[in-house]
Amino acid sequence: MHIDLRDLRLFIHIAESKSLTRAAERSHLSLPAVSARVKELEAQAGVRLLYRAPRGVALTPAGQTLLQHARSILAQVEHMKSDLQRYGEGVQGHIRLFANTTAITEFLPEVLATFLAANPQVDVDLQERLTGEIIRGVLDGTTDLGIVSGPVGADGLDKLHFSTDQLILALPPGHPLAARERLHFAEAMDYDYIGLHEGSTLATFMDGLMQKTRHKLHIRVQVSNFESVCRMVEAGVGIGIVPASAARRHSHTMKIVTRPLDEPWALRERYLLTRRGDSLPAFTQALIDAIVAFPGHRDSRAA
C-alpha cells in the first residue's frame, strides 16, 4: 500500500465528522476529490472502509483499524517534527520516557536534575502513564523507555530490574491499627481511606484489587500525590497506602505511623523497559545508568 499522509488526515476528518461533505470542508477539498481518495484507499486496502448512508458515513471494522493506525502514524510524525526542530535549536538528543506515579514523584526529579545538568544538550519528554500504556508505548515505539512496578509479561521487551519497593499502610498516631506490627489489608478496609487521583497507577491497581476481592474502599478524599496522602493521614482524615520510599521520606517531617502489609502484592519490583532488539543511543543508555545508580534504590533494596 502507498498511502499519503494527507489521505490519513482526510480519513481522520471523515471519522470525526461522520460526513464526507464536512471532511471535504475541513480538508479544503471538493466532495468529488474526497470520494475519489476514499475509493483509492479502499482499493489499496482491498476492503471496505466506510458504510455510506443518506445522513453520513460510519466506519467499518477495517475502517476502525485504519483510524487507529492513522492517528498513531500522525502522532509519530508530530513527534518527529518536534524532535527535529529541537535539533535545529542545538539539542543533540531527545529521550521519551513513560513512567508510573511512584517513579515520577519519588526518584525521577533527583535523577533527571543530575542527568540533565551533566547532559545539557539532551531533552527528556517525561509522561505519567498507567502500566498497560507504558508497555504498549515501549512496544510500538511511542516511548524510548518505560518504568513500571510489578509483574511484566509482554513479549518483545527487555526488562532491567533496578530496585524493590513495598506498599505500606500509613496511619495517624493513636489509630487502632497502629499497635499491630504487621497487618493484612482486609483488617484496614473498614476505615476511611485516602486515595490517589483516578487514573494514577496506584489508584488503578487498588481498583483492580477491590474488584477481585469484591470489596469497596470508603474513600474520603482523593489527592494528587503521596505527600498529600501522608498529610491527610497525619491530620486524622483517614489511612492510606503509599510506597515505603515515600513513607520514609515524609515520616521525617510528618507525624505518621507506618506498618507493613502482609500481602504478596505489597512487594513491588521496579523495572526499566526497552524494546527488544533496539540499539539505544549513548545518551539514552546514560540515563538508564543514572536511574540504576540512584542511591535511593540501594536504600530501598536494603530496607
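Just so we're clear, the structure is a prediction, and the values are computed from it rather than from any experiment.

Draft legend 1. Focus on the pattern of salt bridges. Counted by the stated rule, this structure contains 13 salt bridges. In this structure, the salt-bridge partner of D7 is R37, at a minimum N-O distance of 2.9 Å. Note that D7 is positioned in helix α1 (residues 5-17) and R37 in helix α3 (residues 31-45), a separation of 30 residues in sequence. Notably, a salt bridge pairs D278 with R275, separated by 3.3 Å at the nearest N-O pair. The class of D278 is partly exposed, set by a relative accessible area of 40%.

Draft legend 2. Spatial organisation of the packing of α1 against helix α2 (residues 20-27). Where α1 contacts α2, the two axes come as close as 8 Å, and the packing angle between them is 135°. Put simply, α1 runs oblique to α2. Between α1 and α2 lies a crossing whose hand is right-handed. Each of L10, H13, I14, E16 and S17 in α1 lies in contact with α2, whose residues at this interface are L20, R22, A23, R26 and S27. Residue composition of the contact of α1 with α2, grouped by class: four nonpolar, three polar and three charged.

Draft legend 3. Expanded view of the nonpolar core. Counting 37 residues, the largest nonpolar core has L169, F185, M206, I241, V242 and W265 as the members making the most contacts within it. Contributions of two or more residues to this core are made by β6 (157-171), β7 (193-196), α8 (201-213), α9 (226-234), β9 (239-243) and α10 (244-251). Setting aside residues no more than four positions away along its own chain, L169 makes contact with L177, L183, A188, I239, G240, I241, V257, T258, R259 and L261. With 20 residues, the next largest nonpolar core counts I14, V34, L50 and L74 among its residues.

Draft legend 4. The arrangement of the side chain of T60 in detail. Position of T60 relative to the elements: it lies in the loop between β2 (56-59) and α4 (61-88). Each residue touching T60, except ones within four places of it in the same chain, is listed here: R48, L49, L50 and Y51.

Draft legend 5. The environment of I291, seen in detail. With respect to the helices and strands, the residue I291 is situated in helix α11 (residues 282-293). The class for I291 is buried, based on a relative accessible area of 0%. Residues I291 and R231 lie 60 residues apart in sequence; the distance between their C-alpha atoms is 28 Å.

Draft legend 6. Spotlight on the pairing of β2. Judged from the four bridges that link them, strand β1 (residues 50-53) and β2 form a sheet pairing that is antiparallel. Note that in β2 the partner of R52 across the bridge is V57. Following β1, the chain reverses through two residues before pairing antiparallel with β2.

Draft legend 7. Geometry of α3. Here α3 spans 21 Å end to end across 15 residues, near enough to the 21 Å set by a 1.5 Å rise per residue. Residues of α3 that are buried: V34, V38, L41 and E42. Angular distribution of buried residues about the axis of α3 spans 95°; they occupy a single face of the element. Relative to its buried face, α3 has exposed residues pointing more than 90 degrees away, namely P32, K39 and A43. On its buried face, α3 is in contact with α1, α2 and β1.

Draft legend 8. The arrangement of the packing of aromatic side chains in detail. Going through the model one piece at a time under the given rule, you end up with four aromatic pairs. Both rings, one in F185 and one in W265, keep their centres 5.6 Å apart while their planes meet at 90°; by these two values the pair is edge-to-face. Residue F185 is found in the loop between β6 and β7, and its partner W265 is found in the loop between β10 (257-260) and β11 (267-275); the two are separated by 80 residues along the sequence. Across this residue pair, the class does not change: F185 and W265 are buried. By way of ring pairs, the aromatic residues F107, F162 and F294 are connected into one cluster. Between R129 and the ring centre of F98, over which it is positioned, the NZ or CZ distance is 4.2 Å. Its guanidinium or amino end placed over the ring of Y271, K159 lies 5.1 Å from that ring's centre, counting from NZ or CZ.

Rules and cut-offs
Sequence order as written defines the numbering, with residues in each chain counted from 1. The predicted nature of this model means local features are confined to residues of pLDDT at least 70 and side-chain atom pairs, given and counted, to a pLDDT of 80 or more, with totals for whole chains, interfaces and linings taken over all residues. Here the side-chain values reflect all heavy atoms present in the structure, with hydrogen atoms and water set aside. Every case where a carboxyl oxygen of Asp or Glu lies within 4 Å of a side-chain nitrogen of Lys or Arg is listed as a salt bridge. Secondary structure counts use DSSP, requiring at least four H or I residues in a row for a helix and at least two E residues in a row for a strand, with both numbered from the N terminus. Here's how the labels work: a residue is buried when its accessible area is under 20% of the maximum for its type, exposed when over 50%, partly exposed in between, all with a 1.4 Å probe on protein chains only. Fitted lines through C-alpha atoms give the axes, limited to the stretch in contact for helices. The angle between two N-to-C directions lies from 0 to 180 degrees. Should an angle lie under 35 degrees it is considered roughly parallel, over 145 roughly antiparallel, and from 65 to 115 roughly perpendicular; all remaining angles are considered oblique. Here is the rule for handedness: rotate from the far helix to the near one, and if that takes an anticlockwise turn smaller than a right angle the crossing is left-handed, while a clockwise turn gives right-handed. We call two residues in contact when some of their heavy atoms are within 4.5 Å. Each residue is assigned to one class: nonpolar for Ala, Val, Leu, Ile, Met, Phe, Trp, Tyr, Cys and Pro, charged for Asp, Glu, Lys and Arg, and polar for all the others, Gly among them. The definition of a nonpolar core used throughout is a set of buried Ala, Val, Leu, Ile, Met, Phe, Trp, Tyr and Cys residues joined through side-chain atoms within 4.5 Å. Following DSSP output, two strands are said to pair if at least two bridges run between them. By this rule the span expected of a helix is its residue count minus one, scaled by 1.5 Å. Directions are taken from the helix axis to each C-beta atom, and the arc is the one they span. Pairing of aromatic rings covers Phe, Tyr and the six-membered ring of Trp, with a centre-to-centre limit of 6.5 Å; geometry is then stacked below 30 degrees between planes, edge-to-face above 60, and tilted otherwise. Any Lys NZ or Arg CZ found within 6 Å of a ring centre and within 35 degrees of that ring's normal is scored as a charge over the ring.

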